[in-house]
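Residue strings, one per chain:
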Amino acid sequence: MKTAGKFLLGQWDYALFVLLLLGKVYYFSNVSDTLFTTLGPFAFLGKLAAWPFGGDSEGIFEGVLLISIGTILLVTFWLLLLNGRKRLFWMAITNLVLSFIILADTLYFRYFEDIISVTVLMQMRQVGDVGESIFALFRLSDALLLADVLLMAILWVVISRKKTAVPTPSRWAKVGTALLVLVLGWQLTTVPFNKSMEDGGAWQFNKLISNMRVYNFTGLLGFHSANITRYIDDNFINRKVYSEDEISETQDWFDARNAERVPGPYSGMAEGKNVIVLQVEALQNFVMNREVNGEEITPNLNRLARENLYFQNFYEQTALGRTSDAEFLLNTSLYPTAEGSAYMLYAENTFDALPGILKEQGYGTNVFHPYKPSFWNRYIIYPQLGIDRFYSEGDFDEAEVIGWSINDEAMLDQALEEMAGFEQPFHSQIVTLTSHHPFEMPEDLQLLNTEGYDGYQDRHFKNYLQSIHYVDRAIGKFIDGLEQKGMLDDTMLVIFGNHSTGMTANTKKFVEFTDAKDPLAYLETNKNVPLILHIPGAEPKTFTQVASQLDLAPSLVDVLGGDPSEHYFIGRNMWEAEGGRATFRDGSFITNELSFIAASDGIYDNGSCYWRMTGEEMDVEACAEPFKEGSKELKISDDVLRGDLLEKFEP
C-alpha cells in the first residue's frame with residue numbers, strides 16, 4: 001500500500017502537465033469567447049467527484065471543460081508508461097506539438113473566427129496571402145502558450161547531464177495506471193459528447209455548419225481528432241474510387257444533357273452587362289402579392305415582379321446546408337449533399353461555376369455577406385468557385401445589428417456604394433441576413449400592421465411577416481439607389497429566396513395564411529420561393545412553368561451571352577415551358593403536372609404521387625419516369641462531388 005501511494009505521488013509531473021494543457025485550451029476558449037464552464041474550479045471538482053455516485057451533475061456538462069479534460073487524458077495517457085528522462089523528453093515533445101496547435105488555432109481564430117481544419121491545411125495557398133496579417137495578431141499573452149515548452153526543454157537538458165539514478169516502478173504499476181487514465185479519459189470524452197448528441201446536438205454536429213459548431217461539442221483537441229477522423233474516412237477509408245469507365249459515363253451524361261440545350265428567348269440580351277444576384281434570406285413566394293390588414297407585405301418586390309420577369313413556380317432545393325446550399329445550387333448547378341454541406345465537405349474540389357465562368361469573360365467577381373467569413377467555410381470555397389473578393393463581417397461599417405449581423409438596409413447601402421466604384425463589368429452576389437430565423441425585429445422597425453397575430457402561438461409567423469416587410473423596404477431602397485446612380489440599365493438583376501422559413505404544418509397561422517392544410521399543399525408552399533429577373537430591354541412577363549435553383553446557372557449564362565452547353569450543368573434552361581422539374585434531395589419532385597412526396601423510409605412505392613391540377617392522389621407508377629430522371633441527376637451530382645470528377649473529365 002505504501003509502495004502504491006508512493007508511486008501515485010510520483011506521477012505529480014503528469015498531473016501538472018495535464019493542468020498546463022487544460023490551462024492552454026482554456027486560453028483558447030477565452031480568446032474565442034466560447035463557454036468553458038459555468039462553475040468555479042472547486043464547485044466543478046466537487047460535482048465531478050459526486051457525479052459517478054448519483055450526485056448532482058448540474059453544470060458539469062455545460063461548456064467544454066469536461067470533454068477537454070477527457071481528450072487531454074486520451075492524448076497523453078501513454079506518457080505514464082514512461083519514466084525518468086524518457087518521460088520528460090516525450091512530455092516536452094508532446095507539449096511542443098499540442099502547444100503549437102493551440103497557438104496556431106488562437107492566431108487563426110483572431111483572423112478568420114474559425115479553427116484550422118484539414119481542409120484549411122490542404123488549401124494553405126488560399127490563406128497564404130493573409131499570413132502576415134494572421135501573425136500580426138500575435139499578443140504578448142500568447143507567449144504563455146509556449147513558455148513552459150522552453151522551460152521543459154531546459155529542464156530536460158539539465159537532468160540529462162546528471163547521472164542520478166531514477167527509481168523504476170514495476171511494469172504492472174505503469175500499465176495499470178495508464179489503462180486507468182485511458183478509461184477515465186474515454187468516459188470523460190464520450191459521456192458529455194453523447195449527452196450533447198442526445199440533447200439535440202447530433203443535427204448540428206453532422207450538419208457541419210462550421211468548425212466552431214463542432215468545437216462546442218468536442219472541445220479543441222477533440223475537434224482536431226474528429227476532423228482528422230472524418231477527413232480520413234471521407235477521403236481514404238470510405239472514398240469511392242471511380243474507374244475510367246465510370247468517369248467516361250458521367251461525362252457522357254453531361255454531353256447528352258448539353259446536346260439538348262437550345263438558346264432561350266433572352267439569349268445574349270444581357271451580354272457585357274453587370275450582374276447583381278440578390279439572395280434573400282427565407283423569402284418565400286406566399287408573401288408575394290398578399291396583404292395583411294389591407295397592407296401589402298412586399299410592395300417593392302410586387303412592383304419589381306410586375307415590371308420585370310417573374311417566376312411564380314420557382315422552387316428551392318436546399319438540404320442540410322440551407323443558405324450555403326442555395327449558393328451552391330445557384331453557382332454550380334449541382335445538387336446539395338445528402339449529409340452536411342458541400343461547402344464544408346468538398347471545398348477542395350474543382351468546380352465549373354458561374355463566377356468562374358464570368359471571370360473568364362473579364363468580370364470582377366465578389367460576394368457581400370455581413371457575417372463571419374468562416375461560417376459555412378465560405379472563405380475557403382469561394383476562391384474555388386472563382387470569386388475574387390469576399391466582403392464579410394469585418395468589411396462593413398458599424399450599424400444597428402438585427403439578429404445575426406448589421407441590418408440589411410445598412411448592408412445594401414454599403415454594398416451599393418462599393419459597387420458604384422467597381423470597374424465594369426462586375427458580378428456581385430449579395431446574401432442578406434436580417435430575415436433569418438427567429439425573425440425577431442426591433443419594435444421601431446415593426447412597420448406592418450399585424451393586428452390579429454398577437455397570440456403567443458402566432459408570434460413566430462407574425463415576426464416573419466415583420467422581418468420580410470422590413471427586408472422588402474430595404475430592397476426597394478437598394479433598387480432606387482441603383483436607378484439614381486444610373487447603374488440599373490447596365491445591370492442584370494436576379495432576386496430569389498434562398499430557402500423556406502422552416503415553419504412546419506404545425507404552425508397554425510402559417511397553415512391558415514397559405515392554406516397548406518394537406519401534404520401536397522405544404523410541399524408546394526414550403527418549397528416555393530420567388531424569382532425575379534431584371535434584364536435591360538426585356539418586356540415584363542410572368543412565367544408559370546416549374547423551374548428551380550438548379551436551373552439558374554445555365555439560364556443566366558445563356559442570357560449573358562455564354563454557351564451553357566460548354567459547361568457541366570445539371571440544370572436546364574428555365575425558359576422552357578415544357579419539361580420543367582424541381583427534384584429535391586429526398587427524391588420528392590414537382591413538375592408542371594405532377595408532384596411526388598417521397599416516403600421517409602426511402603422506398604419509392606411508399607411515396608405519394610399527385611396530379612397537381614386537381615390534387616388527386618394517383619398510383620405511384622404515374623410518377624415513376626420523372627422520379628427516375630431526378631434520381632439519376634442526384635447520383636450524377638453525388639458522383640461529381642465525391643470523385644471530384646470535373647477535374648478528371650477529358651477536355
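Notes on the structure follow. (Residues numbered from 1 in each chain as written. Predicted model: local features only at pLDDT ≥ 70, side-chain atom pairs only at ≥ 80, totals over all residues. Heavy atoms only, no water.)

1. Some details on the sheet that holds strand β17 (residues 594-597)
Then step 1. Strand order in the open sheet formed by five strands is β15-β16-β17-β18-β19, with antiparallel pairing between adjacent strands. Every interior strand has two partners, whereas the edge strands, β15 (581-583) and β19 (616-618), have only one. For this sheet the average axis-to-axis angle between neighbouring strands, irrespective of direction, equals 20 degrees.
Then step 2. Pairing of β15 with strand β16 (residues 589-591), which is carried by three bridges, proceeds in the antiparallel orientation. Paired with T583 across the bridge in β16 is F589.
Then step 3. Most of the contacts of helix α21 (residues 519-527) go to β17, to which it runs at about 100 degrees, and overall it touches β16, β17 and β18 (608-611). (Pairing = 2+ DSSP bridges. Helix = DSSP H or I, 4+ residues; strand = E, 2+ residues; numbered from the N terminus. Axes fitted to C-alpha atoms, helices over the stretch in contact; angles between N-to-C directions. Contact = heavy atoms within 4.5 Å.)

2. Points about the packing of aromatic side chains
Then step 1. Across all of its chains, the model carries 41 aromatic pairs by this definition.
Then step 2. Seen in terms of ring centroids, Y382 and F390 are 4.8 Å apart; in terms of plane orientation they differ by 80 degrees. Their pairing is edge-to-face.
Then step 3. A cation over an aromatic ring shows up here: K195 above the ring of F61, its NZ or CZ 5.3 Å from the ring centre.
Then step 4. Residue placement shows R290 over the ring face of F513; its charged tip is 3.9 Å from the ring centre. (Phe/Tyr/Trp six-rings, centres within 6.5 Å; stacked < 30°, edge-to-face > 60°. Lys NZ or Arg CZ within 6 Å of the ring centre and 35° of its normal.)

3. As for the state of the cysteines
Then step 1. Per the counting criterion, the structure on display carries one disulfide.
Then step 2. Between C609 and C623 runs a disulfide, and the two sulfur atoms are separated by 1.9 Å. For the disulfide bridge between C609 and C623, the dihedral angle about the S-S bond is near 75 degrees, and by the sign convention the bridge is right-handed. Here C623 lies in the loop between β19 and α23 (624-642) and C609 lies in strand β18, a separation of 14 residues in the sequence. As far as burial versus exposure is concerned, C609 and C623 are alike and both buried. (Disulfide = S-S within 2.5 Å. Buried < 20%, exposed > 50% of the residue type's maximum accessible area, 1.4 Å probe, protein only.)

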